[in-house]
Amino acid sequence: MSKSPIRDITYPRTEPPPKFVVSVVGCFQVHAAQIDTTRLEKGLTSNQVLGVLRADLVELGFEVEAGKKKDQKIHRPVLFGEGGVPQLKYEIDAYHPGWRCGLEVEAGRGWMGNAVYRDLILGALMVDVDHLIIAVANEYWSKAGGRKVASRDYENASRLADSLYAQGRFRLPYRLTVIGY
């Protein structure tokens, strides 16, 4: 039996991951052959990865973005206006209301495009997000100066999370899982 290319780590590292994390990571493992960035010559877009995972995530109870149209997006409230009506909402790739868990899947711009930083901050602003899962490529290949270079997005995102959860100056209001695919 070969080792799965899917990697994951949950923060803070002083506590065991919630039981549902195993199920979410399992969705990625089931589809590893289709999404594994260490083996694919050209990685998928984040929407393509989400498309591969969509049925399994829905089966787990996630609401999952279905497309680019406004009514296909998943929105989480941030600010409420008069009468308790959500006044400001942010988009998220998937949300599980029972687990209060948000999921973001990033591809090419995961690390180099600063999407991980954006996800960390927007996740902190969304109502009812007690656990955030950010899925990033293990390796994202691009061209720089005419040669292929790899961005190790999972390692970079994990290192950032290590720093955030290890120090006491800034505290995120949710638990975090980083998945590398």
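Structure: see above.
Keep in mind it's a predicted model, so treat the numbers as computed, not measured.

Caption draft 1: Inspection of empty space enclosed by the protein at higher detail. A full pass over the atoms with the stated rule returns one cavity of 30 Å³ or more. Looking at the largest cavity, its volume works out to about 40 Å³. Contributions of two or more residues to the lining of the largest cavity are made by β4 (86-92) and α4 (115-125). Ranked by the residues each element gives to the lining of the largest cavity, the list is headed by α4, at three residues. For the lining of the largest cavity, the per-class residue count stands at four nonpolar, one polar and three charged.

Caption draft 2: Structural view of the pairing of strand β3 (residues 74-80). The pairing of β3 with β4 spans six bridges and is classified as antiparallel. For R76, the partnering residue across the bridge sits in β4 and is Y90.

Caption draft 3: Local environment of the packing of aromatic side chains. Here the structure, examined in full by the defined rule, presents four aromatic pairs. Three or more aromatic residues joined by ring pairs make a cluster, and in this case those are F20, F62 and W99. The side chain of R76 reaches across the aromatic face of Y95, ending 3.9 Å from its centre.

Caption draft 4: Spotlight on the pattern of salt bridges. Taken as a whole and judged by the stated rule, the model has 12 salt bridges. Between R76 and D128 there is a salt bridge; the shortest N-O distance is 3.8 Å. Remark: D128 occurs in the loop between α4 and β7 (131-136) and R76 occurs in strand β3; sequence separation between them is 52 residues. Judged by relative accessible area, which is 11%, R76 ranks as buried. Connected via shared salt-bridge partners are R76, R100, D128 and D130.

Each value, and the rule that gives it
Residues numbered from 1 in each chain as written. Predicted model: local features only at pLDDT ≥ 70, side-chain atom pairs only at ≥ 80, totals over all residues. Heavy atoms only, no water. 1 Å grid on protein atoms, 1.4 Å probe; cavity = no way out; pocket = protein on both sides within 12 Å on 5 of 7 lines; lining within 4 Å. Points joined across faces, edges and corners; volume = space filled by probe spheres on them. Helix = DSSP H or I, 4+ residues; strand = E, 2+ residues; numbered from the N terminus. Nonpolar A, V, L, I, M, F, W, Y, C, P; charged D, E, K, R; others polar. Pairing = 2+ DSSP bridges. Phe/Tyr/Trp six-rings, centres within 6.5 Å; stacked < 30°, edge-to-face > 60°. Lys NZ or Arg CZ within 6 Å of the ring centre and 35° of its normal. Salt bridge = Lys/Arg side-chain N within 4 Å of Asp/Glu carboxyl O. Buried < 20%, exposed > 50% of the residue type's maximum accessible area, 1.4 Å probe, protein only.

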